[in-house]
Amino acid sequence: MNYTNHVYGLCDTDRTATTKRAAMYLRDIWYFALAGEGLKAGKLVHKVLLGEPLVFGRTAAGEAFALRDICPHRGVPLSAGRILEGKASDCGVPLVECPYHGWRFRTDGACAHIPSLVSGQDVEVERIRVRAYPVREVQGNIWVYMADEKRAEVTPDHEPPMMPGFEDRAPDIREAMNFSCHVDHAVIGLMDPAHGPFVHRAWWWRSAASIHEKSKAFAPSELGFAMVEHQPSSNSLAYKILGGKPTTEIAFRLPGIRIERITVGRHRLVGLTCVTPIDEKTTEITQSFYWTMPFLTVFKPVARHFLRRFLGQDRDMVNLQQRGLKFDPRLMLINDADVQAKWYQRLKHEWSASVEQGRPFENPVKPATLRWRS
Ligand code: FES
Ligand SMILES: [Fe+2]
């Protein structure tokens, strides 16, 4: 199935150039890969991201790393092998050993040892490399920098996002779910403000009768845009539980990261939504919450239940959407409810162009006030 025909809101001349790029994933950018707690020291974890097989590992010293999960010798997944450290490593650094013929690789991807070699067989072992991906572990999240597949050595020119005010803390709760769609439909589905009263209808959140007109101010922000700080809708009972008069700021940044900050007096609650493409037809959504309110801890099981239900409603809708998309229809984006989706397309377009042309990214979003009913 060809997703490229689902590029929205662009004129036909834009389509040709854009569809080509939109068919691919955004490159040279940080993607959320997995939860830090999911990676134990000495263990290897296989995960496909952007259609590429990766193996994540953690050394005894606690450092996370990522390599392409294909042995350059004869293609066996390195994730089926093991990490060698200390005496077992015999070269003082952690090594990943392939289970087939025991080739060993450093965490920077250079081959360190080929067991079958005898003296006189001159193979420049360290010139054999498996692709290594830059990795950062920030506040309980492991981010991986996905550069163009054709370029071997890359140095990231920016850092993954941080939740201000939470230092090294990991999230208080987290849920992950797979949507059966291309990343664009997941991102657009999550940022779309008009589906709330229909998809998330529930006594504790929204009802169809609660629809009313909204007007929100937006401004460009780092790698995206933000709904500037405001008092949340009065029709959200969930906010009332927090007590006091909350204010919220919602920022979206490429490639598919949404950070919602709610402040109530001196307390903060931050929601981090990460949309990660697994392959063309699978997208993983990871929703994490960080908070400073100790009393919220007792609500964890309830919060988890509602979070699963809420995400499940979004997933069921985009999965249902696939039934229509199968027939390759033309789609529409309307003002103002779908303007954020248009911005997402423009941001992607500009990001790809800046990467291709090797120039700085210029945020195409201008300050605007959007109005819609939801
Ligand atoms: S396939 Fe990995 S060592 Fe041969
Ligand atoms: Fe939703």
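Because the structure is predicted, anything quoted here is derived from the model rather than measured.

**With respect to the overall build of the chain**
- A tally of helices and strands in the chain yields six helices and 19 strands.
- Taken across its 374 residues, the chain has 51% of its residues classed as buried.
- Sequence separation of 24 or more characterises 59% of the internal contacts of the chain that already satisfy a separation of 6 or more.

**Focus on the nonpolar core**
- Ranked by internal contacts, the top residues of the largest apolar core, which has 50 residues, are Leu-49, Phe-56 and Val-144.
- Built from parts of two domains, this core gets at least three residues from each of domain 1 (29–146) and domain 2 (173–373).
- Aside from chain neighbours lying at most four places away, what touches Leu-49 is Ala-33, Leu-54, Phe-56, Val-144, Met-146, Thr-276, Pro-277 and Ile-278.
- By size, the runner-up hydrophobic cluster in this structure holds 16 residues, among which are Cys-71, Val-76, Trp-103 and Ile-114.

**A short note on the confidence of the model for the chain**
- Mean pLDDT over the chain: 89, with 89% of residues reaching 70 or higher.
- Within the model, the stretch residues 1–22 combines pLDDT values under 50 with 45 contacts to residues more than four positions away or in other chains.

**What to know about unusual backbone geometry**
- The amide bond that connects Leu-254 to the next residue, Pro-255, takes the cis arrangement and shows omega of 5°.
- Summarising the element assignment, Pro-255 is placed in the loop between strand 15 (247–253) and strand 16 (257–264).
- Residue Asp-336 follows Asn-335 across a cis peptide bond; omega there is -15°.
- At Gln-139, a position not held by glycine, the phi torsion is positive, near 50°.
- Relative to the assigned elements, Gln-139 resides in the loop between strand 10 (135–138) and strand 11 (141–146).
- Residue class for Gln-139 comes out buried when judged on its relative accessible area of 3%.
- At Leu-223, a position not held by glycine, the phi torsion is positive, near 55°.
- Relative accessible area serves as the criterion here: at 11%, Leu-223 is assigned to the buried category.

**Notes on the coordination of the iron ion (ligand 2)**
- Around the iron ion (ligand 2), the protein contributes the donor atoms His-195 (NE2), His-200 (NE2), Asp-314 (OD) and Asp-314 (OD), at 2.0 to 2.7 Å from the metal centre.
- Taken together, the four donor atoms coordinating the iron ion (ligand 2) span angles of 54 to 149° at the metal, a pattern that classifies the geometry as irregular.
- All donors to the iron ion (ligand 2) come from one chain, and their sequence spacing reads H-x4-H-x113-D. A residue pair is termed long-range when its members are at least 10 positions apart, and His-195 in the loop between helix 2 (183–191) and helix 3 (196–199) and Asp-314 in helix 5 (residues 300–325) qualify at 119 residues. There is no split in this pair, since His-195 and Asp-314 are both buried.

**A closer look at the packing of aromatic side chains**
- Enumeration according to the criterion identifies nine aromatic pairs in this entry.
- Note on Phe-225 and Trp-343: the rings are 5.0 Å apart at their centroids and 65° apart in plane angle, and the pair reads as edge-to-face. Highlighted residues: Phe-225 in strand 14 (residues 224–230) and Trp-343 in helix 6 (residues 339–357), separated in sequence by 118 residues. The burial state of Phe-225 is the same as that of Trp-343; both residues are buried.
- Between the aromatic rings of Phe-252 and Tyr-344, the centroid separation amounts to 5.8 Å while the plane-to-plane angle is 85°, which identifies the pairing as edge-to-face. Highlighted residues: Phe-252 in strand 15 and Tyr-344 in helix 6, separated in sequence by 92 residues.
- The buried category is assigned to Phe-252, whose relative accessible area is 7%.
- One aromatic cluster in this structure is built from Phe-218, Phe-225, Phe-252, Trp-343 and Tyr-344.
- We note Arg-268 situated over the ring of Phe-166; from NZ or CZ to the ring centre the distance is 5.6 Å.

**What to know about helix 6**
- For helix 6, which comprises 19 residues, the first-to-last C-alpha distance of 27 Å matches the rise-based estimate of 27 Å (1.5 Å per residue) to within 8%.
- Most of helix 6 sits inside the fold, with 14 of its 19 residues counted as buried.

**Here we look at the environment of Ser-374**
- Its place among the elements puts Ser-374 in the segment after strand 19 (368–373).
- Among the residues examined, Ser-374 registers a relative accessible area of 2% and is labelled buried.
- Separated by 164 residues in sequence, Ser-374 and Ser-210 place their C-alpha atoms 7.8 Å apart.
- A distance of 3.0 Å separates the side chain of Ser-374 from the side chain of Trp-372, its partner in a polar contact.

**Some thoughts on the packing of helix 2 against helix 6**
- Remark: helix 2 packs on helix 6, axes separated minimally by 9 Å, with the N-to-C direction vectors making an angle of 140°. Between helix 2 and helix 6, the angle falls in the class oblique. By crossing handedness, the relation of helix 2 to helix 6 is classed as right-handed. Along its contact with helix 2, which presents Asp-184, Val-187, Ile-188 and Met-191, the element helix 6 presents Gln-340, Ala-341, Tyr-344, Gln-345 and Lys-348.
- Looking at side-chain class alone, the contact of helix 2 with helix 6 contains five nonpolar, two polar and two charged residues.

**A word on the sheet that holds strand 15**
- With antiparallel pairing, eight strands are arranged side by side in an open sheet as 12-18-17-16-15-14-13-19. The two strands at the open ends of the sheet, each matched to only one other strand, are strand 12 (173–179) and strand 19. Sheet twist, expressed as the average angle between the axes of neighbouring strands with direction ignored, equals 20°.
- When strand 15 meets strand 16, the two strands line up antiparallel, connected through seven bridges. The residue bridging Phe-252 from the neighbouring strand is Arg-258, located in strand 16.
- The strands touched by helix 5 are strand 12 and strand 18 (282–291); relative to strand 12, the strand with the most contacts, the crossing angle is about 15°.

Rules used throughout
- Residues numbered from 1 in each chain as written.
- Chains lettered and ligands numbered in written order.
- Predicted model: local features only at pLDDT ≥ 70, side-chain atom pairs only at ≥ 80, totals over all residues.
- Heavy atoms only, no water.
- Helix = DSSP H or I, 4+ residues; strand = E, 2+ residues; numbered from the N terminus.
- Buried < 20%, exposed > 50% of the residue type's maximum accessible area, 1.4 Å probe, protein only.
- Contact = heavy atoms within 4.5 Å.
- Core = buried A, V, L, I, M, F, W, Y, C linked by side-chain atoms within 4.5 Å.
- Domains from an automatic or database assignment.
- pLDDT = per-residue confidence, 0-100.
- Donors = N, O, S within 2.8 Å, 3.2 Å for Na, K, Ca; no water.
- Tetrahedral: all angles 85-135°; square planar, octahedral: opposite > 155°, others 65-115°.
- Phe/Tyr/Trp six-rings, centres within 6.5 Å; stacked < 30°, edge-to-face > 60°.
- Lys NZ or Arg CZ within 6 Å of the ring centre and 35° of its normal.
- Expected span 1.5 Å × (residues − 1).
- Polar contact = N/O pair within 3.5 Å; in protein donor to acceptor, adjacent residues only side chain to side chain.
- Axes fitted to C-alpha atoms, helices over the stretch in contact; angles between N-to-C directions.
- Parallel < 35°, antiparallel > 145°, perpendicular 65-115°, else oblique.
- Left-handed = near helix turned anticlockwise from the far one by under 90°.
- Nonpolar A, V, L, I, M, F, W, Y, C, P; charged D, E, K, R; others polar.
- Pairing = 2+ DSSP bridges.

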